[in-house]
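What the coordinates show
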Amino acid sequence: MTANIWAAIETAPARKLEALFADDAQRVDQLTVLQSGLRFDFSKTHLDAELLASFAGLAAAMDIDGARERLFSGAVVNPTEGRAATHVAERGNGSVDDVAQAKALHNRMRGLIEVIEAGAFGEIRHILHIGIGGSALGPKLLIDALGRDGLRFDTKVVSNIDATALAEAIRDMDPKATLVAVASKTFTTTETLMNAESALEWLRDGGVEDPYGQVIALTAAPEKAMEWGVDQSRILPFAESVGGRYSLWCSIGFPVAAALGWGAFEELLEGAAEMDRHFRSAPLGANAPVLAAFADLYYAQVRKCQTRAVFAYDERLRLLPDYLQQLEMESNGKSVTADGRPLHRPSAPVTWGGVGTDAQHAVFQLLHQGTHLIPVEFIASKLPGHDFDPAHHETLLINCFAQGAALMRGRESADGARNYPGDRPSTTILIDDVTPSSVGALIAFYEHRTFANAVLLGINPFDQFGVELGKEIARGIAENGPAGFDPSTSALIAAAGLDFRHFHLISSSFPRKRESSSGVARFNGR
Ligand code: F6P
């Protein structure tokens, strides 16, 4: 049914960006969406009236309206795991039951933060948040983006199994004044549990009598956290239907709520909720996540772009590309449709990026003159995050806009080395200011864009089986040693001189079961 629509999209005349502007004085207005203090400018993409009409036809054929409603009503949208995806309910936009459950769990989190502040855990000054992937990237991004004017707790996020990261995080922490938050949806993730065990050891070595009394768990598997040793009263659960990379809105956001304050966390949720309402109700042609998905699909499917680059022209958002890599690539890096048939077309491009202006002096050469066509996304804030000479911020913004203009305009030269082909697309997102609310809206925009891409391609963005094989093989090495591998892998294992006595730590018997601590602080929630 969609073959004809795709054929129309693929054979639409490839008009140059500058010609599209020359032909339509209203182009900027028509392809700009203002929402939640964010200005989304899609006018420097190749979307035109013809492509928009074809993509609208595709959206209708793929029933984007129905898919949105299924998402927001808490229906199963993750068929391979038989689950709903209820991150929107965390922002108050879901079924009555899902929203009520999310609210109750938020209240529990708020209550725990209050008892921490009241001193039930002793004099806590530091939060050591341990998690990986979706259990780390969101908190890390938000604390880095929004916590620059001061945090109520000194907060560090540790993810890598390379304990150099842990060592660095705890360097200036006092174990007796540290709360360890172990964040894992499944509470089975090797990196997180190994880091958590080492953090416990550090607490113990630092003279903490009851280390478990200073540990809380943020998880959708409370029974596993209890088996591991966390007292039930110190577990902040969340719904199984909240996906890992969509989980910063639930208790995985604990360090954000604790360090920035509950008010800021609520603003973040409300910013996202506004974007939810926009995505749910705005017409497709004025719907920021949907228009972004149209452009994404055009470049990936028609122009065969294999990557998409995101540059934050704001130091506060420097971790956004890392965050988006998981959101977009773990969600949409698939080769089968939601009903298990081969996709037969490219899925998500590789997301990569960096921070402006640094990236201009490193990777922009290729963007301007390389043989790859790479759609670029610029994100900037009207207001700066500092009080230095306004010239800094103005120069930053000028550079951001100049890059988009240069990519589009190009400059002809008879000398090939000095020729800029131009006609290179970009999107710009200009934020009024980097605040909890605008960042909430920005992240929700990306979530819905990812969802819209998946719906239009017919894939399931909410599973991630691709990450399992490597984990299983690592477990196999742990349990059976180097035998049975290809010669290269066996030789690497031998060459590294690995000590197999340590490997029990990632075998299936890890983590070891513990006696639950009665703990010093009991919290019964609300
Ligand atoms: O391995 C991938 C993954 O499952 C991600 O989807 C997830 O965000 C991350 O690992 C961490 O998982 P968990 O929160 O269960 O520890």
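Fair warning: this is a prediction, and the values are worked out from it, not measured in the lab. (Residues numbered from 1 in each chain as written. Predicted model: local features only at pLDDT ≥ 70, side-chain atom pairs only at ≥ 80, totals over all residues. Heavy atoms only, no water.)

1. With respect to the overall build of the chain
Within the chain, the regular secondary structure consists of 20 helices and 11 strands. A globule of 526 residues ought to have a C-alpha radius of gyration of about 24 Å, and the chain, at 24 Å, matches this closely. Projected onto its principal axes, the C-alpha coordinates of the chain cover approximately 75 × 55 × 50 Å. When each of the 526 residues of the chain is scored for burial, the buried share is 53%. Looking at the chain alone, contacts between residues at least 24 apart form 76% of all its contacts between residues at least 6 apart. Surface accessibility of the chain: about 22,400 Å² in total, with carbon and sulfur atoms responsible for 53%. Here the chain contributes 48 positively and 65 negatively charged side chains, and the mean placements of these two sets differ by 2 Å. (Helix = DSSP H or I, 4+ residues; strand = E, 2+ residues; numbered from the N terminus. Rg over C-alpha atoms; globule rule 2.2 N^0.38 Å. Buried < 20%, exposed > 50% of the residue type's maximum accessible area, 1.4 Å probe, protein only. Contact = heavy atoms within 4.5 Å. Areas by Shrake-Rupley, 256 points an atom, 1.4 Å probe, with all protein chains shown as cover. Lys, Arg positive; Asp, Glu negative; His and termini not counted. Charge placed at Lys NZ, Arg CZ, Asp CG, Glu CD.)

2. Section: the site of the ligand
In the neighbourhood of the ligand, 13 residues make up the surrounding shell, with Ser-135, Ser-184, Thr-186, Thr-189 and Glu-330 lying closest. Between the ligand and the protein, one listed contact pairs an oxygen atom with a side-chain N or O atom of Thr-186 at 2.6 Å. Here an oxygen atom of the ligand and a side-chain polar atom of Gln-326 are 3.2 Å apart. Compared with its free state, where it exposes 390 Å², the ligand has 88% of that area covered by protein. Its residues assigned to classes, the shell around the ligand shows 2 nonpolar, 8 polar and 3 charged. (Near = heavy atom within 4 Å. Polar contact = N/O pair within 3.5 Å; in protein donor to acceptor, adjacent residues only side chain to side chain. Nonpolar A, V, L, I, M, F, W, Y, C, P; charged D, E, K, R; others polar.)

3. Some thoughts on the packing of helix α5 (residues 64-73) against helix α18 (residues 436-457)
Their axes nearest at 10 Å, the elements α5 and α18 cross at an angle of 130°. As far as their axial angle goes, α18 and α5 are oblique. Read as a crossing pair, α5 and α18 show a hand that is right-handed. For the pair α5 and α18, the contacting residues are Ile-64, Ala-67, Arg-68, Leu-71 and Phe-72 in the first and His-448, Phe-451, Ala-452, Val-455 and Leu-456 in the second. Here the contact of α5 with α18 is composed, by residue class, of 8 nonpolar, 1 polar and 1 charged. (Axes fitted to C-alpha atoms, helices over the stretch in contact; angles between N-to-C directions. Parallel < 35°, antiparallel > 145°, perpendicular 65-115°, else oblique. Left-handed = near helix turned anticlockwise from the far one by under 90°.)

4. A few points about the pairing of strand β9 (residues 350-355)
Pairing of strand β8 (residues 307-313) with β9, which is carried by 6 bridges, proceeds in the parallel orientation. The partner of Arg-308 across the bridge, within β9, is Thr-351. Note on the crossover from β8 through helix α15 (residues 320-332) to β9: the handedness is right-handed. (Pairing = 2+ DSSP bridges. Right-handed = clockwise from strand over helix to strand, strands pointing away.)

5. Comments concerning the sheet that holds strand β7 (residues 235-237)
Ordered in space as β4-β3-β5-β6-β7, the 5 strands form an open sheet in which the pairing is parallel. This sheet does not close on itself; its edge strands, each paired only once, are β4 (154-158) and β7. Ignoring which end each strand starts from, the neighbouring axes of this sheet average 15° apart. Looking at chain direction, strand β3 (residues 126-130) and β4 are connected through 5 bridges and run parallel.

6. Notes on the packing of helix α8 (residues 137-146) against α15
Put simply, α8 and α15 touch, their axes get as near as 9 Å, and they point 155° apart. Our classification of the angle between α8 and α15 gives roughly antiparallel. Crossing geometry of α8 relative to α15 is assigned as left-handed. Packed against α8, whose contacting residues are Leu-137, Gly-138 and Leu-141, the element α15 presents Leu-320, Asp-322, Tyr-323 and Gln-326 at the interface.

7. Section: the pattern of salt bridges
Tallied over the full model, the rule gives 29 salt bridges. Here Arg-449 ties to Asp-296 by a salt bridge, and the two come within 2.8 Å at their closest N and O atoms. With a gap of 153 residues between them, Arg-449 in helix α18 and Asp-296 in helix α14 (residues 288-302) connect regions that are remote in the sequence. When sorted by exposure, Arg-449 lands in the same class as Asp-296, which is buried. In this structure, the salt-bridge partner of Arg-418 is Asp-415, at a minimum N-O distance of 2.6 Å. Judged by relative accessible area, Arg-418 falls into the exposed class, the value being 55%. A single network of salt bridges, built from pairs that share partners, joins Asp-296, Arg-308, Glu-328, Glu-377 and Arg-449. (Salt bridge = Lys/Arg side-chain N within 4 Å of Asp/Glu carboxyl O.)

8. A word on the packing of aromatic side chains
Counting across every chain of the model gives 17 aromatic pairs. When the ring of Phe-40 is compared with that of Phe-445, the centres are 4.5 Å apart and the planes differ by 40°; the resulting orientation is tilted. Linking Phe-40 in strand β2 (residues 38-41) with Phe-445 in helix α18, this pair joins segments that are 405 residues apart in sequence. We classify Phe-445 as buried; its relative accessible area is 0%. (Phe/Tyr/Trp six-rings, centres within 6.5 Å; stacked < 30°, edge-to-face > 60°.)

9. Description of the domain arrangement of the chain
If you check the domain split of the chain, you get domain 1 (2-82 + 280-463), domain 2 (95-260) and domain 3 (470-507). For domain 1 versus domain 3, the distance between C-alpha centres works out to 41 Å. (Domains from an automatic or database assignment.)

10. Some points on α18
Residues that lie three or four places apart on an α-helix share one face, since the helix turns once every 3.6 residues. The end-to-end C-alpha distance of α18, which contains 22 residues, comes to 32 Å, matching closely the 32 Å that a straight helix rising 1.5 Å per residue would cover. Just past α18, the residue Gly-458 takes up positive phi, approximately 80°. (Expected span 1.5 Å × (residues − 1).)

11. Observations regarding the side chain of Ser-347
Relative to the helices and strands, Ser-347 is located in the loop between α15 and β9. Here the side chain of Ser-347 touches Lys-334 through a polar contact of 2.9 Å, landing on its backbone oxygen. Those residues in contact with Ser-347, other than ones at most four positions away along the chain, are Ala-300, Gln-301, Asn-332, Gly-333, Lys-334 and Leu-457.

12. Observations concerning the sheet that holds strand β10 (residues 376-381)
Hydrogen bonds along the backbone pair up the strands of a sheet, which may run parallel or antiparallel. One open sheet accounts for 6 strands, arranged β1-β2-β11-β10-β8-β9; its pairing is mixed. Edge positions in the sheet fall to β1 (32-35) and β9, since each has one partner strand and no second. Sheet twist, expressed as the mean angle between neighbouring strand axes with direction ignored, is 15°. In the packing of α15 onto the sheet, contacts are made with β8, β9 and β10, and the angle to β9 comes to roughly 170°.

13. Concerning the pairing of β8
Looking along a regular strand, one sees the side chains alternate between the two faces of the sheet. A large share of β8 lies buried, amounting to 7 of its 7 residues. Burial of the side chains of β8 extends over both faces: Thr-307, Ala-309, Phe-311 and Tyr-313 are buried on one face and Arg-308, Val-310 and Ala-312 on the other. With 5 bridges connecting them, β8 and β10 associate as parallel partners. Bridging from a neighbouring strand, Ala-312 pairs with Ile-379 of β10.

14. Comments concerning unusual backbone geometry
The omega torsion across Gly-356 and Thr-357 is 10°, close enough to zero to call that bond cis. Examined against the element boundaries, Thr-357 turns out to sit in the loop between β9 and α16 (364-369). One non-glycine residue, Asp-63, adopts positive backbone phi at about 55°. Here Asp-63 lies in the loop between α4 (49-61) and α5. On the basis of relative accessible area, Asp-63 is assigned to the partly exposed category, the value being 36%. Of note, the phi angle at Asp-423 is positive, near 60°, even though the residue is not glycine. Overall, the relative accessible area of 14% leaves Asp-423 in the buried class.

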